[in-house]
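Examining the three-dimensional arrangement
Residue-level listing of the chains:
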Number of protein chains: 2
Amino acid sequence: MSTQDLNEDTITSAVLARARRAKSARFKKVIGSLVRHLHDFAREVELTEEEWAYGIDFLTRTGQKCDDKRQEFILLSDTLGLSTLLTQLNHRSHGDETEQTVWGPFHRLKTPRFRLGSNISEGVRGAPCFVNITVRDSAGKPVKGATVDVWHSDDDGFYDVQHQEWNGAMRMRGVFKPDTDGRVWFRTILPTAYPVPTDGPVGELLKASARHPMRPAHMHFLIEAPGYDRLVTHVFNNGDKYLDSDAVFGVRKSLVRTYPKHKPGIAPDGTRMTKPYHTLDFDFVMRPAKRATKRATKRAAKKRSTKPRKSAS
Amino acid sequence: MSTQDLNEDTITSAVLARARRAKSARFKKVIGSLVRHLHDFAREVELTEEEWAYGIDFLTRTGQKCDDKRQEFILLSDTLGLSTLLTQLNHRSHGDETEQTVWGPFHRLKTPRFRLGSNISEGVRGAPCFVNITVRDSAGKPVKGATVDVWHSDDDGFYDVQHQEWNGAMRMRGVFKPDTDGRVWFRTILPTAYPVPTDGPVGELLKASARHPMRPAHMHFLIEAPGYDRLVTHVFNNGDKYLDSDAVFGVRKSLVRTYPKHKPGIAPDGTRMTKPYHTLDFDFVMRPAKRATKRATKRAAKKRSTKPRKSAS
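The rules behind the values
Residues numbered from 1 in each chain as written. Chains lettered and ligands numbered in written order. Predicted model: local features only at pLDDT ≥ 70, side-chain atom pairs only at ≥ 80, totals over all residues. Domains from an automatic or database assignment. pLDDT = per-residue confidence, 0-100. Contact = placed C-beta atoms within 7 Å. Least-squares fit on C-alpha atoms with pLDDT ≥ 70 in both. Pairing = 2+ DSSP bridges. Helix = DSSP H or I, 4+ residues; strand = E, 2+ residues; numbered from the N terminus. Buried ≥ 20, exposed ≤ 12 C-beta atoms within 10 Å, placed from the backbone.

**A closer look at the domain arrangement of chain A**
- Along its sequence, chain A is organised into domain 1 (1-47) and domain 2 (72-290).
- Put simply, the middle of domain 1 of chain A and the middle of domain 2 of chain A, counted by C-alpha atoms, are 40 Å apart.

What follows is the structure, encoded as structure tokens:
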């Protein structure tokens, strides 16, 4: 089929037809839907060439703002509500299991592992906070082999990567292995509400939208264990004034907890505190990995259907 | 309105509502349509988190592939048919006027100006080609103050920027001012068919789509003049085997011309050619700038509606 002289109506099917020999049916479905929606968007608003040029420049600058400490495209996805939509699409029902929420742009690989009871914010100014969590399955049994990755903002609303003067040092973040009861405990500082970074293209978008960039205070948790769905979630601080207007639409009521404030005295880890401190208790409930289970079942079925023949020969 | 506990259905209207205080009505319309189509796409294909992560990485790499010599996002827009759609939306009827087509990713700013009759491909291997064009309005009158920016590929199918060893030198491109008759003539080499660059994310997309990356041979022209729509177009070489399957969907029948081949002899500029050469003749017809005219009309109307009162007082 010739694709000369395409017009605003025929261009879409011509682009879709061009991918007809793609090997992956899933790829064809995804790219087909993407092209249709992209074209429908342009037609619907009669996108001008100036707006298109701005869009090209916006996306280029978004990519160039990304490095190993900053992911502006994830921030864009977050602020456009796409990340929350994805979380909901991919983790529909949760029952007793802990709800998921967005990754956010500040997770870092190679975060150091700490021993239980450590202080992950040594020397950082802020209200002390003693965290005490459990990682269980829905029957209440400790999940074996779990890894708990935690990260959060400081008293000024910054993550470690935003402190240029820290030269990449990791603070307010750490990785833990639960004890045999599924418990993890550590000391840190109370996270505060903070603005998502507004010095890049996403800031431009928020400004044009007359939207504030604030996220309510929270602690990030990424919990992984063999045989369970990866759990990407936050625990929000109850009473934060931004809970109803999170810039990235990530708040779930089931993830909001009071971080109670205590008078000076003996902290949960036995430390004698001469100033007030906070505590956070949370029980994470992991969900068995459905897809992994399916694959394992398939593998097992395959083994059953082939092995016996061999042993029977 | 609280935006806690948004689900896959409520997230879209929550994101749209968040921009309700945006000052620009046009911005609200464009971002609203964009968010709806982005979300509808994700819901329609039930986008997985792995696919989303691939998308984030793809867009990041696309942005990072861009520099002053390469624009991978324009190439993405071109190969997804968005650029041709935009051209059609923004230049619907053309009548006698020359049709527009895509920019492509290889236009360069600060291209040097040449005198009429110059050779813009001095020392570059390829079949000599003498170009002779006119820039007129639809009444046939020469367009005053026009600038003609031309660029094209070489005999191996590369643009100057793709020759690493040329260190940024500009070849097969130049800017001209027409003479008082609206004529521009210059010498160059015959452009050839070529693949769009496939060493970046767009190459990945074409491969997954089982699409070839070839563009039929053409010369780019960008013609600007005060009071006229900017004309972004190509002249394609008739007979090229990729005319029916241009990787960027840019071919218009009205822009296809024979670049006739001539036996050795006296070239159009008087040069005695000892080997065969080609010629290209094309008459560009510019369209008056409608929007500029509208604005000018509005300004004039405003003057009329205020000035007389003053003069009557």
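**Details of the confidence of the model for chain A**
All names here are of chain A.
- Mean pLDDT for chain A: 91, with 92% of residues reaching 70 or above.
- This stretch, residues 292-297, has a pLDDT under 50; its non-local contacts, to residues over four places away or in other chains, come to two contacts.
- Here the predicted complex scores 0.88 on pTM and 0.88 on ipTM.

**Considerations on the relation of the copies chain A and chain B**
- Here chain A sits on chain B after a turn of 180° about the axis and a move of 0.0 Å along it, with an RMSD of 0.1 Å. Such a turn and shift between the copies fits a two-fold axis. In terms of C-alpha distance to the rotation axis, chain A has G63 of chain A as its closest residue, with the C-alpha 2.0 Å off the axis.
- Mapped onto chain B, 100% of the interface residues of chain A are again interface residues, and the two copies thus contact each other with one and the same surface.

**Points about the sheet that holds strand 3 (residues 173-176) of chain A**
Residue and element names in this part refer to chain A.
- Across the sheet, which stays open at both edges, the five strands sit in the order 3-2-7-8-9 with mixed pairing between neighbours. At either margin of the open sheet sits one strand with a lone partner, and together these are strand 3 and strand 9 (256-257).
- In the sheet, strand 7 (residues 218-224) pairs with strand 8 (residues 231-237) via six bridges, with the strands oriented antiparallel. Its bridge partner lying in strand 8, M219 is registered against V235.

**Observations concerning the sheet that holds strand 13 (residues 277-285) of chain B**
Residues and elements named next belong to chain B.
- Pairing is mixed in the open sheet, where four strands are placed in the order 4-1-13-10. The open sheet has two edge strands, strand 4 (183-189) and strand 10 (261-262), and neither has a second partner.
- Taken together, the eight bridges between strand 1 (residues 128-136) and strand 13 define a ladder with parallel strand orientation. Counted as the bridge partner of I133 is F282 from strand 13.

**Structural notes on the environment of F186 of chain A**
All names here are of chain A.
- Following the sequence through the fold, F186 ends up in strand 4 (residues 183-189).
- Residue classification places F186 among the buried positions, given that 22 C-beta atoms sit within 10 Å.
- Linking F186 and K144, residues 42 residues apart in sequence, is a C-alpha distance of 19 Å.
- Excluding residues within four positions of it along the chain, F186 makes contact with F114, L116, G117, S118, I120, V131, G174 and F176.

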